[in-house]
Amino acid sequence: MRKLVFFLGPAGAGKTTLAKAWARKHGGAFLDMDTLLRPAAETIMTLSGQDPDDRDSPTYKTHCRDLGYRITMDAALENLALGLDAIVVGPFTRELGDPLWLERELSHIGATVSDVSVRAIFLYLQSENIYHERIQARGSTLDIWKLENWNQFSQSLIRREIKWIVDPSSILYFDNSGPPSSEKLELLEQFINKG
């Protein structure tokens, strides 16, 4: 059965790192919202007279945020319609709280959770300090605002509940504190591949 695997969670939780490790080993379409949206976001922000690297302002949230999720999910759904696995990476903060969101998305290709194996992995870290260290260490221009406005940004680091209508065994809350390891990948493999 085709798989739709979500790597979810706040900035710095390690979504992209673990999703890439999974994709390298198991294949599938790798769809990172940051990568897919970047050219459009840079253009929209520049045309709006804003910093093209800004990912946190009201202008970005108004003009780019929903577009990024639409682009990402359209690509995922297209791959699923072709019978391919899709690995989707992004925070999906608003979408996690909507019980019907996933059902509506799958309906675009005439699918349901009965014929797509959905796995949602919410990654989190044990402390705000670990998030700060990781975000600082990756040195991305997209993180400048986050680091300069840490008190405001850190409020987004909460562990969110996935409210989608799926079997609870399809959801994993995964503490990704500590360095990458083969043990972590093995745990994810067991979760994603289970019956």
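No experiment lies behind these values; they were computed from the predicted model shown. (Residues numbered from 1 in each chain as written. Predicted model: local features only at pLDDT ≥ 70, side-chain atom pairs only at ≥ 80, totals over all residues. Heavy atoms only, no water.)

**Thoughts on the packing of helix α2 (residues 33-47) against helix α3 (residues 58-81)**
Point 1. Running from N to C, α2 and α3 point in directions that differ by 145 degrees, and their axes come no closer than 9 Å. α2 and α3 meet at a crossing whose hand is right-handed. Contact residues: α2 offers M33, L36, L37, A40, A41, I44 and M45, while α3 offers T59, Y60, H63, C64, L67, G68, Y69, I71 and T72. (Axes fitted to C-alpha atoms, helices over the stretch in contact; angles between N-to-C directions. Helix = DSSP H or I, 4+ residues; strand = E, 2+ residues; numbered from the N terminus. Left-handed = near helix turned anticlockwise from the far one by under 90°. Contact = heavy atoms within 4.5 Å.)

**Some thoughts on the packing of aromatic side chains**
Point 1. What the rule picks out here adds up to 8 aromatic pairs.
Point 2. When the ring of F122 is compared with that of Y173, the centres are 6.1 Å apart and the planes differ by 50 degrees; the resulting orientation is tilted. With a gap of 51 residues between them, F122 in strand β4 (residues 117-124) and Y173 in strand β5 (residues 171-175) connect regions that are remote in the sequence.
Point 3. Residue Y173 is classed as partly exposed on the basis of its relative accessible area of 27%. (Phe/Tyr/Trp six-rings, centres within 6.5 Å; stacked < 30°, edge-to-face > 60°. Buried < 20%, exposed > 50% of the residue type's maximum accessible area, 1.4 Å probe, protein only.)

**Some remarks on the packing of helix α1 (residues 15-26) against helix α9 (residues 182-193)**
Point 1. Between α1 and α9, the shortest axis-to-axis distance is 11 Å and the interhelical angle comes to 70 degrees. With respect to α9, the axis of α1 lies roughly perpendicular. In the crossing of α1 with α9, the sense of the turn from one axis to the other is right-handed. Residues L18, A21, W22, K25 and H26 of α1 lie in contact with α9, whose contacting residues are L185, L188, E189, I192 and N193. (Parallel < 35°, antiparallel > 145°, perpendicular 65-115°, else oblique.)

**Overview of the pattern of salt bridges**
Note that side chains of opposite charge can pair when their charged atoms are close.
Point 1. Scanning the entire structure with this criterion turns up 11 salt bridges.
Point 2. Between R65 and D66 there is a salt bridge whose closest N-O contact spans 3.1 Å.
Point 3. With relative accessibility at 43%, the residue D66 sits in the partly exposed group.
Point 4. In this structure, D143 and R138 form a salt bridge, with 2.6 Å as the shortest nitrogen-oxygen distance.
Point 5. Judged by its relative accessible area of 3%, D143 falls in the buried class.
Point 6. Through salt bridges with shared partners, a single network forms among D56, R138, D143 and K146. (Salt bridge = Lys/Arg side-chain N within 4 Å of Asp/Glu carboxyl O.)

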